[in-house]
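Residue-level structural notes
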Amino acid sequence: MAELKVLFKDIDVPGIERLEVYEQHGGYSALRKALGMTRQQVIDEVKASGLRGRGGAGFPAWIKWNGIPKDESQPHYVQCNADEGEPGTFKDRELMLRHPHQLIEGIIIAGYAILSKVGYIYIRGEYTEPARVMRRAIDEAYRAGYLGKNILGSGVDFDLYIHMGAGSYECGEESAMMSSIMGERGQPRLKFPHAPLPTIAGLWNCPTLINNVETLSCVPAIIRNGGAWYASMGTEKSTGTKIFSVSGHVNKPGNYEVEMGTPLMELLELAGGVKGKLKAVIPGGSSVPILPAEKCDVNLDYESLQSAGTMLGSGGFMVLNDTVCIVKFMRRTAAFYAHESCGKCTPCREGTRWMVKIFDRILAGGGRMEDIDLLLDICDQIDGRSYCGLGDAAAWPIRASIQHYRHEYEYYIKHGRSMVEVEGKAVA
Amino acid sequence: MAQEELVTIEINGIELQVPKGEMIIESAKRIGVDIPFFCYHPRLGKGQAANCRMCLVEAGTKQPDGSVRMMPKPQTSCTLPASQGLVVFTDTVAIQKARRGILEFLLINHPLDCPICDRGGECPLQNNTLFYGPAVSRFIEEKRHLPKAFPLSDYVVLDRERCIHCARCTRFSQEISGDAQLEFLKRGADMMVSTFQDTEFTSRFSGNTIELCPVGALTSRAYRFRARPWDMKSQKSICTRCSNGCNIWLDYRPNRLVRVLGRENEAVNEEWTCDRGKFGHEYISSDRRLLSPLIRRDGKFVTASWVEAYHLIASHLRQAVAEHGAQSVGAIGGAHLSNEEAYLLQKLMRVAVGTNNIDHRLERNQVAGGDTLLARLGVPFTQNAIADIERAKTLFILGADLVDEQPIVFLRARKAWFRFGANVIIAHPEVTETELRFDEPVILRYREGTEKTLIHGLLYLVLQSGKAVTSALPSEELQSLQASLSAYTPSRVSQETGVAESVLRETADLLGEGTLVLCAGRVRNHPEYAELVGALVNLTLLTGNGARENGGLNILLPEVNSHGAADMGVLPDMLPGYVRVSDTTARQRMEKLWETALPAEPGLNTQAMLESAAEGHLQVLYVVGEDIAHKYHDPDLARRALENAGFVVVQDLFLTETAQYADVVLPAASVAEKEGTFTNTERRVQRFWKAFNAPSPEVKPDLNIFAELAVYLGKPLPVFSAEQLMEEIGQAFPAYAHCCYDQLPPEGVRWQTTSLGEEE
Amino acid sequence: MSEAIRLSEYPRLRRLDEKQPPELRFSERAVQELEHIKRHYPNKRAALLPALWIAQREYGGYLPPEALMEVAYRLGTSYAVVEGVATFYTMYNKRPVGRVMLEVCTNLTCSICGGYEILRHLEEKLGIKVGETTPDGQFTLVEVECLNDCGNAPVMQVGNRYFGRLTPEKVDALLEELKNSDAHTVVQLADTIVQCHLMESERQDIERALAKAQAMNEEQDG
Ligand SMILES: Cc1cc2nc3c(=O)[nH]c(=O)nc-3n(C[C@H](O)[C@H](O)[C@H](O)COP(=O)(O)O)c2cc1C
Ligand code: SF4
Ligand code: FES
């Protein structure tokens, strides 16, 4: 079983991050092609491809593209989400670090399709290495006339700016990211139906297209080879390929691009197999429910993982072997969300912190059996009650961990120490 | 205004029609369904709202086939707009659980120190917990600890442990008052509200945040531990600290004022107050109030009975009139009296004493009441209502620091810009707090005293631009104006005023229909007042704002009843209703009403009275409710006048510096201890009610004092009540005919200037 | 009235005069950079995050109150709003830090791949606890959330660079290297981020303008 490389097709070409090499491998031919098409034709290709958002939500890309008003009464913006903060995910990092022009080309095409003249790449502050590569690549693109005024003599203008974050996971959430770009605290904004969709009123209340790095990186290939070609890969509802960032207890951690619907176990093999005995995987980043080993006989696509009780999420594929103490691991997860909660809404702000305090008490040997159900109830009280997905994302993993590993919690509470440690192989 | 579209929605099975886009939390009120909330506030933008999550409801939409598709998650009703076919459930089991959850979350870090919390008894957190909260908390961990009772300013105390992060105060300071002095620091559970680096909270509107706070996190330093809400009574009143006429509640315990709260009046202050108003009424319950009349005996004040005092005053008045004529008597004051009292004061002087020596103005400019505006725009001072400011296209703030001088007018001006995107032009010689409250307004930093040149310069450009509404001026006037303006070229004006030509042009471009000019002290007291106002009137007319709602000229006034005093004829040259004393027919009308002859020649204005007193000509000087020795624009003159006047009567709440010079001091009741009406700077006549008794039975409302004094002068002016007097005022000044108490609506009425036209 | 609720314990708060512009310390370069970055957005307030990065560089690696005031003044917003933003994001240092920051990830993958061991090792090696700075002001040790390079766990960020697959030995070597190099410092990180915002043409404009200014100064001098 091998990888199926679309985004990574040329990633191992030496110097592909440089413009001339990228051009030698067909770089920016998609942009030329797109400029020759009508805007609607471009959008229709994306529709035909069935491309879905790779940032986590899996929302069909073309619907957003098509939702942008077709007139220019207001400025339109492209907002590329390069904040990659989902624990366990590092695909956008590699896409920017090693294949910057592919992303830039995708962004320009998107800009053309939605009548936008300005785009922002929001790169998290920690990602200075990818940011510098992007900087150099963008400057190259300007020099070559792919960016700026009158792109390739087409009369189309497009400026692309880098906006760096400064340390906040929440800013990966699209509306919080808008706040952050507009110079505010990184807190989310009202969502539909409480406010218009970003495609109608996003940045500075103007139509804004928000897509993830991987999503936009798919665009050049789709335009070049046609939506049908892309849709021919993967499953019916989950088309194309997906990059999984495999980390944890595997022999060859790293990013692997596979066809949607690939069996989970095959991905594990690609990553060199599990170190030690597989205990569980978290297939879509820290926010998705944990998947115990016995349930790992599942395919990697949105629907299959859904029905397996978890989610594809961002493709942050974390592998845990049997040395991992679930209680400690989940305490670390809870601590992450408590640290990253923006503090805007009550359930997320108070609930996440409360859960950490309970975990700490349990780990300190002061646990009570009722704490387990208390944790579950707090999860219920956070889930779906808060402004953005962070609250939900804080609840799901904990809830799932209790569903699958209640006995480990009970053991810890009864004996004041980890079941795994007793077996003498705890790592976390 | 286009009338709003209605949509049909369903709340808990009840169908109702509401305006499209109305927030469901509001729609629910219409059918008496209570939805608990904390962070929601109708006057705060919803952009930053919906953070407390207390107002969650279940919602769905009716499908064509009649079925209902429910949204997967509960929705915050405070931000959920009503749309056709929306179906809402506010009290399902799920929602009840959610509410318990939210309240449990809010309480885990709340100190629950209700026994020593000033909010206790009127606390949304207490109330919502009572009705929707969990019976017990399952939180056994350590609560957060933060400094308690942290004094942010002389007015506001902050208790961060009590804060529930609803963001009402921060939103107020950023959206309404605009100083943005309150903001959240940090994030998540560490988030806390703060001023920059814990520096002083200097906002002029800080008091409002106390009322907005749904818990006891922001409390009033003045009200601290003074009462429990249920120990207090409230009375409707009007703020006396400036001419804006904010509606307020006086909260009091037996005969003592405890605190002041904002009272809703959409037309005036919406629901806000400035800090001067909110914290500036302590004087009412001060221990230094005068408690009985005082008479000076060999240099010292001794308490006296009213009978003695009246006899003494009356005898001096009679003697003065007999020996030196009525011109030797004068009265100063009225801007702090109610309309009824002001009316009676001038009637007392004109009818019982027989002089026109009466004036309420203490500022330098004492040219006849609102002359130019009256003649050319048909209004005494202000063309627009405060609420009109919202609709203005361009605000031109000339020589005024509104934040300081006209706080509530400022809030409207800011709303016009923040909510409705009005352009803002600020002309002032110095940096003002006001200009800091707008993002990059056009700033005209002119040289002190060059206002007239500046306006002429703008007129020049407006005429040049060709957009001027020349038809607004009679052709010969227009020609002479154009001639006189030819000298005011941009370059010259720029030289004289110090304002860059480009800025002058930018400003001129913004002027046009919907330009609303706001002026205050600097213009009122300008050395060239008449010419300056003349120029402003020309600007108003030529920009087509002669008779507009969303544009016009407004010269805002200083004191709570400056406008009313002028309306009531507390002016040496005008009878009630801006009727010239020299106008025979009009005077005769008044003589008929008052059944007596009236002096025909104008009296002395304040300045003239004081000068004549200083020279020892004035036999009796009657000062009512004004500390002229301290507040008159030329205090030395005032002091010399008080020293050299034959006999000085001072009527006030306190033994002021002025009172120190008096031969007789009369103790007057405060606004809380009497009833009446004030007329604010936009001509709005508003009622205030008696809250409690004066500190002593010897303290009388000014109305009674004037009436009784008249009796001692042998010219009784029978009055039984302020209400009855208002009816007489209505006859004297028809514009006030609609102000009889039984007709006066809760929000008051702006009296119609049309009746003025008839007079001329 | 209980102790806790007496007001007297607190000194009177300092009063700031908004009308008084704060002291401005941005270098000519910084001013130029900010001017260019402002043009990336429809309003200047949006330049707040980059402006804070510039300030963090200009003020030597952290944001003292004066820095926040300068930024607020230059962008025409209130001091409180700027402080609110600065304290929201973890990468803006609100307190002085060491010359170099060692930011060790202990998030999920790292936590099971030895992130904590690396953290403990550094604590011993440097003789400080997490969050502290070495007495010589060289290093500040911090525990951070996921750096999203989990494939190389355990990972540590040092200034503008990530170091992965760490072992105690690698860490020791790295410390030596860092001690006697001026790479990857806190100030350099801030500068890197600022430069990432600036387009090539803008960077060139800035250099030209600065050169011009310098030439003029020299003329005046000589
Ligand atoms: C708490 C939170 C964090 C998120 N972080 C990221 C992120 O780091 N990167 C990303 O691309 N999307 C992230 N998302 C998803 C974005 O909100 C948004 O759905 C996505 O950027 C849309 O792009 P796509 O349609 O191409 O996936 C996050 C969402 C939530 C609720
Ligand atoms: S946040 Fe809240 S109260 Fe606050 S208002 Fe709504 S949800 Fe409603
Ligand atoms: S968990 Fe450490 S880098 Fe991802």
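Heads up: these notes are all about the structure in this document. Owing to the predicted nature of the structure, the values given are computational and were not obtained by experimental measurement.

**Some points on the pairing of strand β16 (residues 300-303) of chain B**
Residue and element names in this part refer to chain B.
- The sheet contact formed by strand β15 (residues 294-297) and β16 spans 4 bridges and is antiparallel. Along β16, the bridge assignment pairs Arg296 with Phe301.
- Linkage of β15 to β16, two consecutive antiparallel strands, is achieved through a turn of 2 residues, within which Asp298 is found at a positive phi near 20 degrees.

**Digging into the sheet that holds strand β21 (residues 442-444) of chain B**
Residues and elements named next belong to chain B.
- One open sheet accounts for 5 strands, arranged β21-β20-β19-β22-β23; its pairing is parallel. Each end of this open sheet is capped by a strand with a single partner; those strands are β21 and β23 (552-555). Shown here is a sheet whose adjacent strand axes are inclined to one another by a mean of 15 degrees, direction ignored.
- Here strand β22 (residues 515-519) pairs with β23 via 4 bridges, running parallel.

**Considerations on the packing of helix α2 (residues 29-36) of chain A against helix α6 (residues 100-113) of chain A**
Residues and elements named next belong to chain A.
- α6 packs onto α2 with a crossing angle of 5 degrees between their chain directions and a minimal axis gap of 9 Å. The angle between α2 and α6 falls in the class roughly parallel. Every residue of α6 that contacts α2 at Ser29, Ala30, Leu31, Ala34 and Leu35 is listed here: Glu105, Ile108, Ile109 and Tyr112.
- For the contact of α2 with α6, a count of residues per class yields 7 nonpolar, 1 polar and 1 charged.

**Overview of the interface of chain C and chain A**
- Counting from both sides, the interface comprises 52 residues of chain C and, opposite them, 62 residues of chain A.
- Regarding the contact of chain C and chain A, the summed buried area is about 4,400 Å², with carbon and sulfur atoms giving 58% of it.
- Counting across the interface, chain C meets chain A through 5 salt bridges.
- Across the pair C:Asp149 and A:Arg93 runs a salt bridge, and its minimum N-O distance is 4.0 Å.
- Scanning the region where chain C abuts chain A turns up 29 residue pairs in polar contact (both at pLDDT 80 or more).
- For the side of chain C that touches chain A, the elements supplying multiple residues, two or more each, are α2 (48-58), α4 (79-88), α5 (108-112), α6 (115-126), β2 (139-144), β4 (161-163), α8 (186-197) and α9 (200-221) of chain C.
- Among the elements that line the side of chain C that touches chain A, the one with the most residues is α8(C), at 6 residues.
- Considering only residue class, the side of chain C that touches chain A consists of 26 nonpolar, 16 polar and 10 charged.

**Some points on the site of ligand 1**
Residue and element names in this part refer to chain A.
- Of all residues adjacent to ligand 1, which total 19 residues, the nearest are Gly55, Lys64, Asn211, Asn212 and Thr215.
- Within the side chain of Lys64, one N or O atom sits 2.8 Å away from an oxygen atom of ligand 1.
- Protein burial of ligand 1: of its 610 Å² of free accessible surface, 89% is covered by the chains.
- Of all the secondary structure elements, the ones that give two or more residues to the shell around ligand 1 are β4 (208-212) and α17 (389-415).
- Considering each element in turn, the shell around ligand 1 owes the most residues, 3 residues, to β4.
- For the shell around ligand 1, the per-class residue count stands at 3 nonpolar, 9 polar and 7 charged.

**Focus: the interface of chain B and chain C**
- On the chain C side, the residues contacting the 36 residues of chain B number 27 residues.
- Approximately 2,800 Å² of surface area, both sides summed, lies buried where chain B meets chain C, with 61% of it carried by carbon and sulfur atoms.
- Our count for the contact surface shared by chain B and chain C stands at 5 salt bridges.
- With a closest N to O distance of 3.2 Å, B:Glu200 and C:Arg12 form a salt bridge.
- Between the two partners, chain B and chain C, sit 10 residue pairs in polar contact (both at pLDDT 80 or more).
- Listing elements by their share of the side of chain B that touches chain C, those giving two or more residues are β7 (150-151) and β9 (183-185) of chain B.
- Looking at the side of chain B that touches chain C element by element, the count peaks at 3 residues for β9(B).
- Here the side of chain B that touches chain C is built from residues that sort into 15 nonpolar, 7 polar and 14 charged.

**What to know about the site of ligand 2**
- Close to ligand 2 lie B:Phe37, B:Phe38, B:Cys39, B:Tyr40, B:Ala50, B:Asn51, B:Cys52, B:Arg53, B:Met54, B:Cys55, B:Thr76 and B:Cys78.
- Here the shell around ligand 2 is built from residues that sort into 9 nonpolar, 2 polar and 1 charged.

**A short note on the pattern of salt bridges**
- Scanning all chains against the criterion turns up 109 salt bridges over all chains.
- One salt bridge in this structure joins A:Glu126 and A:Arg124, with 2.9 Å as the shortest N-O distance. Pair check on accessibility: A:Glu126 and A:Arg124 agree, each one buried.
- Note that B:Glu341 is salt-bridged to B:Lys674, the shortest N-O span being 3.1 Å. Pair noted here: B:Glu341 is in helix α8 (residues 339-353) and B:Lys674 is in the loop between β28 (664-667) and β29 (676-679), with a separation of 333 residues, a long-range link.
- Assessed through its relative accessible area of 7%, B:Lys674 is described here as buried.
- One salt-bridge network, in which partners are shared between bridges, spans B:Arg43, B:Glu264, B:Glu266, B:Glu270, B:Glu271, B:Glu390, B:Arg412 and B:Lys415.

**Focus on the sheet that holds β4(C)**
Residues and elements named next belong to chain C.
- Strand order across the open sheet formed by 4 strands is β2-β1-β3-β4, with mixed pairing between neighbours. The outermost strands of the open sheet, each flanked by one partner alone, are β2 and β4. The average angle at which neighbouring strand axes cross in this sheet is 25 degrees, direction not considered.
- Sheet topology note: the strand β1 (residues 100-105)/β2 ladder contains 6 bridges and is parallel. Paired with Leu102 across the bridge in β2 is Leu141.

The rules we used
Residue positions are given per chain, counting from 1 as you read along its sequence in written order. Chains and ligands are labelled sequentially in the order written, the chains with letters from A and the ligands with numbers from 1. Selection of residues for local features in this predicted model requires a pLDDT of at least 70, selection of side-chain atom pairs for listing and counting requires 80 or more, and totals for whole chains, interfaces and linings are taken over all residues. In computing side-chain properties, one takes all heavy atoms of the structure into account and sets aside hydrogens as well as water. When DSSP finds two or more bridges between two strands, those strands count as paired. Secondary structure elements follow DSSP: runs of H or I no shorter than four residues count as helices, runs of E no shorter than two count as strands, and numbering proceeds from the N terminus. Lines fitted to the C-alpha atoms define the axes, with helices restricted to the stretch that makes contact. Angles between their N-to-C directions range from 0 to 180 degrees. Note on angle classes: values under 35 degrees are labelled roughly parallel, values over 145 roughly antiparallel, values of 65 to 115 roughly perpendicular, and the remainder oblique. We call two residues contacting when some pair of their heavy atoms lies within 4.5 Å. Ten residue types, Ala, Val, Leu, Ile, Met, Phe, Trp, Tyr, Cys and Pro, are classed as nonpolar, four, Asp, Glu, Lys and Arg, as charged, and the remainder, Gly among them, as polar. Throughout, buried area stands for the accessible area (probe radius 1.4 Å) lost by two parts on being put together, summed over both. Take a side-chain nitrogen of Lys or Arg and a carboxyl oxygen of Asp or Glu: if they are within 4 Å of each other, that pair is a salt bridge. Polar contacts, as counted here, are pairs of nitrogen or oxygen atoms within 3.5 Å of one another; within protein the pair requires one atom able to donate a hydrogen and one able to accept it, and residues that are adjacent in sequence qualify only if both atoms are side-chain atoms. Nearness is judged by heavy atoms alone; a residue qualifies as near a molecule or strand once a single heavy atom is within 4 Å of it. All accessible-area figures derive from a Shrake-Rupley calculation using a 1.4 Å probe, and residue coverage is judged against the displayed protein chains alone. Summary of the burial criterion: residues with accessible area below 20% of their type's maximum are buried, those above 50% are exposed, and those between are partly exposed, where the area comes from a 1.4 Å probe applied to protein chains only.

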